[in-house]
Amino acid sequence: MQADFIITNALIVDGSGAPAVPGHVAVQGQTITAVGPFALPDGVPQFDAGGRVVAPGFIDSHTHDDGYLLAHPDMTPKVSQGITTVVTGNCGISLAPLPARAVLPQPLDLLGPPELWGYESFAAWLDQLRAQPAATNVIPLVGHTTLRVAVMDDTGRAANAAERAAMAALLDEAMAAGAFGVSTGTFYPPASAAPTDELLDVCAPLAGRAAIYATHLRDEADHIVPAMEEALQIGQATGARVVFSHHKLAGERNHGRSRETLDMISEAARHQPVCLDCHPYPATSTMLRIDRVRLASRTMITWSQGYPAATGRDFADVQAELGLDDEATLARLAPAGAIYFLMDPADVTRIFEHPLTMVGSDGLPFDPHPHPRQWGTFTHVLRRLVREERVLSLPAAIHRMTGLAAEQYGLEKRGLLRKEYHADIVLFDPDTVSDLATFAAPVQQSQGIAAVWVNGALVWNGQSPSGALPGQVLKPAARAGSEVA
């Protein structure tokens, strides 16, 4: 047997959903060379798992790490919870292609400070990631909102024919450079004026490719059904796999409607490629918006340029302090970000039970007081949904974090512990693995993740990043959008 090291005495959860089995995992270079109960050869270094679980590295199906990968390549918030691959460019916002500018319209500023921007082509950003790799692999999407900001002088209207052609050309270039697909965020001001026919025109280059169409829906509250129908229409027209991003039902009057929306997804999956991602918290986070403040039962400020003292505090308390109505308070704080408590925990659980649900953190890594999902999403699932509430079995949860995501995004030889697969591996203790990040104290490393390897290199030693930066910009496979889920 050829191996540089062997993880021995492990409980193997291989990412397929199959039951755990005892055994070993051998790695040579970037590749797994053996999995299972095999005789240990002499002279090969061993990493004793001590009966802990070894699984494929987790795939974070929804991130905004586009700029964080370059600014903080050790990716500590992610590798410390077992993540080895991140999907970037979600919600319509990607770091490229967009020339440098001093002021970024919200929500583009959620990706980080203006100095991170300035890649006039998607290829230029990918080239930078390859020249300056991070600890994690990257699945890149290009954002429709970014395309709008790049080519339009006024995003408060529908794009004209020339602008649509320009955006489609930029998307075509991005796909040729290695983008897995496009994301949209018509919920947000720079894209909310884009009608369905604009999305169809801009997304035309997806046709005939193994492409992803990931969408932050136009409405996740009262009008979620027509918003979902719009997304499915675009998927049908382009042949792309529709990914419903951070699937949720916002506002108390919509609580319980996940039964309706999940039935829609199940029915659609019979006819076209479709899936969804979700994080395990009853609160979401984005730019500060008055409609979200009024819909949420509680709003916490994550950052404020207009009134920095509001950071980490409840909007209601800040409003009382300032003695202003809600609109005037928002104007005083803006631009700003917030966490909104507006989902029903029962909906969140029901969404996680759906067989096409992947796990995505949707964290905003540059927020001074971020949502705890940036540091704790995957370990929160393992602690609460698996160990404490038993909503999911361990093999089922791991499947959603690994094999399912790899299948939906069309990754070749990733997402499973198999011979000849890439050695993206996580070792953890299922009895102690826990998230420590909370809404009050969100920047905290998880516990119980003993080791993480990316492409065969150790990136997390259980306490801190190793300094290794073996992450790769992954390439889409031919089958990503070509088959019904």
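Residues numbered from 1 in each chain as written. Predicted model: local features only at pLDDT ≥ 70, side-chain atom pairs only at ≥ 80, totals over all residues. Heavy atoms only, no water.

Looking up the protein chain in an unreviewed UniProt entry gives the name D-aminoacylase, with the organism given as Bordetella genomosp. 1.

(A) Fine view of the UniProt feature "domain: Amidohydrolase" (unreviewed entry) in the protein chain. Under the local residue numbering, the UniProt record ascribes the feature "domain: Amidohydrolase" (unreviewed entry) to residues 47-459. For residues 47-459, the helix share is 34%, the strand share is 18%, and the end-to-end C-alpha distance is 14 Å. (UniProt positions renumbered as here; feature names shortened; annotations may be inferred. Helix = DSSP H or I, 4+ residues; strand = E, 2+ residues; numbered from the N terminus.)

(B) Highlighting the packing of helix α14 (residues 373-388) against helix α15 (residues 394-401). As a packed pair, α14 and α15 sit with axes 10 Å apart at the nearest point and diverge in direction by 155°. On the basis of the axis angle, α14 is roughly antiparallel to α15. The crossing of α14 and α15 is right-handed. Facing F378, V381, L382 and V386 of α14, the residues of α15 in contact are L394, A397, I398 and M401. Tallied by class, the residues present in the contact of α14 with α15 amount to eight nonpolar, no polar and no charged. (Axes fitted to C-alpha atoms, helices over the stretch in contact; angles between N-to-C directions. Parallel < 35°, antiparallel > 145°, perpendicular 65-115°, else oblique. Left-handed = near helix turned anticlockwise from the far one by under 90°. Contact = heavy atoms within 4.5 Å. Nonpolar A, V, L, I, M, F, W, Y, C, P; charged D, E, K, R; others polar.)

(C) Representation of the sheet that holds strand β15 (residues 298-304). A sheet is described by the order of its strands in space; here three strands give the open sequence β14-β16-β15, paired in antiparallel fashion. At either margin of the open sheet sits one strand with a lone partner, and together these are β14 (283-287) and β15. On average, each strand axis in the sheet is inclined to that of its neighbour by 20°, with strand direction left out of account. Pairing of β14 with strand β16 (residues 336-341), which is carried by five bridges, proceeds in the antiparallel orientation. The partner of S285 across the bridge, within β16, is I339. (Pairing = 2+ DSSP bridges.)

(D) Up close: unusual backbone geometry. For the bond from A96 to P97, the omega torsion is 5°, close enough to zero to count as cis. Secondary-structure assignment places P97 in the loop between β7 (83-88) and α3 (122-131). Residue P335 follows A334 across a cis peptide bond; omega there is -10°. Among the secondary structure elements, P335 is positioned in the loop between α12 (326-333) and β16. Even without glycine at this site, D362 takes up a positive phi of about 60°. With respect to the helices and strands, the residue D362 is situated in the loop between β17 (357-359) and α14. Residue D362 is classed as buried on the basis of its relative accessible area of 4%. (Buried < 20%, exposed > 50% of the residue type's maximum accessible area, 1.4 Å probe, protein only.)

(E) Up close: the sheet that holds β7. The strand order across the open sheet formed by three strands is β6-β7-β8, and the pairing between neighbours is parallel. Each edge of the sheet is formed by a strand with only one pairing partner; in this case those strands are β6 (58-60) and β8 (137-140). Each neighbouring strand pair of the sheet contributes to a mean axis angle of 20°, computed without reference to strand direction.

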